[in-house]
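Single-letter residue listing:
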Amino acid sequence: MLFDTKIEHRTEPKRPIPEMWKEYVDLLVGTKRVGVKRLLGWLQSDMGNGTLNFLEAPASTRFHGSYAGGLLEHSLNVYKRLYALLAFELHNEPDEVKKSPAAESMVDSITVVALLHDLCKVGFYKEDWSNKKIYSENGSKQDKGGRFDWVEVHQYRVLDTHKFGHGAASIEIAERFMGINGLTEEEKYAIRYHMGDFANERETGDVYNRYPLATLLHMADIAATYLDERECDDSGDLFWANLNAFARPVKKEPADNNGQGGNGDGQATEST
């Protein structure tokens, strides 16, 4: 396999939240966009309805980055992936991109869309706890599955107060601080379609053809989610290993005088 097929579930970001937040602030302020400082203030404020702010929120409830700081970490991962994609498209090394005057506006755009594409997840999650059966030899209770104890388990649940839809909600929030013209049309389309809405394939395809930034943001989001933040167990590998152990190996017999292998009719024979 090209990559590890068992990646343990993480319960915290790879870097401290204050360190990531400083990088996020420096990048966004560096765009000099109107309203970003007020937006940054809101991102770390109390949401007022018990939901989590940007620094507290996970990237998802259980699939990737499902821990405090996960959303912040994911946003920076998307930025790094998008920056690398831009460098590739410009035929430059990543370190050379910012030195190009022609790339200045493009760098600002990728910074904005990468860091703001998931604003819809701010004020979207709540912390919750539920009872879960944990099986062990020393469990105080027993059922058909064995001995177990009830354990209180932390989890996240969704409280969708936006109702705009994923990408559209991010644009709506950004415009409250940056103004109706705070994002370019291409940036709005990139954020709106970053999930790859292929339920309406023609519409999404038209957007990706017209606005390359939308295509690149979608690619960066996928790469960050399924490469940088991937989690998986080895159940699939165990299944196939077990199946292969039971399968009868098939081998071809040496070719006969007719130039055919196996039993003379061109068929492979099973070893016994």
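Because the structure is predicted, anything quoted here is derived from the model rather than measured.

(A) Broad picture of the overall build of the protein. If you tally the helices and strands in the protein, you get 10 helices and five strands. By residue count, 38% of the 272 residues in the protein fall in the buried class. Look at the contacts in the protein between residues 6 or more apart in sequence, and 60% of them connect residues 24 or more apart.

(B) Quick look at the pattern of salt bridges. Taken as a whole and assessed by the stated rule, the structure comprises 12 salt bridges. Note that Glu23 and Arg15 form a salt bridge whose closest N and O atoms lie 2.9 Å from each other. Its relative accessible area of 24% is what places Arg15 among the partly exposed residues. Where Arg81 meets Asp228, a salt bridge forms, and the shortest distance between an N and an O atom there is 2.9 Å. Within this pair, whereas Arg81 is found in helix H3 (residues 70-89), its partner Asp228 is found in helix H9 (residues 212-228), the two being separated by 147 residues in sequence. Take Asp228: its relative accessible area is 26%, and that puts it in the partly exposed class. The network of salt bridges with common partners includes Arg15, Glu19 and Glu23.

(C) Highlighting the packing of aromatic side chains. All told, the structure shown has 11 aromatic pairs when counted by the stated rule. Seen from their ring centres, Tyr79 and Tyr83 are 5.9 Å apart, and the 45° between their planes marks the pair as tilted. Note that Tyr79 and Tyr83 are positioned in helix H3 at a spacing of four residues, about one turn of the helix. As far as burial versus exposure is concerned, Tyr79 and Tyr83 are alike and both buried. Centroid distance Tyr189 to Tyr211: 4.7 Å. Interplanar angle 15°. Geometry classified as stacked. Separated by 22 residues along the polypeptide, Tyr189 in helix H7 (residues 185-192) and Tyr211 in the loop between helix H8 (201-210) and H9 bring together distant segments of the chain. Owing to a relative accessible area of 32%, Tyr189 belongs among the partly exposed residues under this scheme.

The rules behind the values
Residues numbered from 1 in each chain as written. Predicted model: local features only at pLDDT ≥ 70, side-chain atom pairs only at ≥ 80, totals over all residues. Heavy atoms only, no water. Helix = DSSP H or I, 4+ residues; strand = E, 2+ residues; numbered from the N terminus. Buried < 20%, exposed > 50% of the residue type's maximum accessible area, 1.4 Å probe, protein only. Contact = heavy atoms within 4.5 Å. Salt bridge = Lys/Arg side-chain N within 4 Å of Asp/Glu carboxyl O. Phe/Tyr/Trp six-rings, centres within 6.5 Å; stacked < 30°, edge-to-face > 60°.

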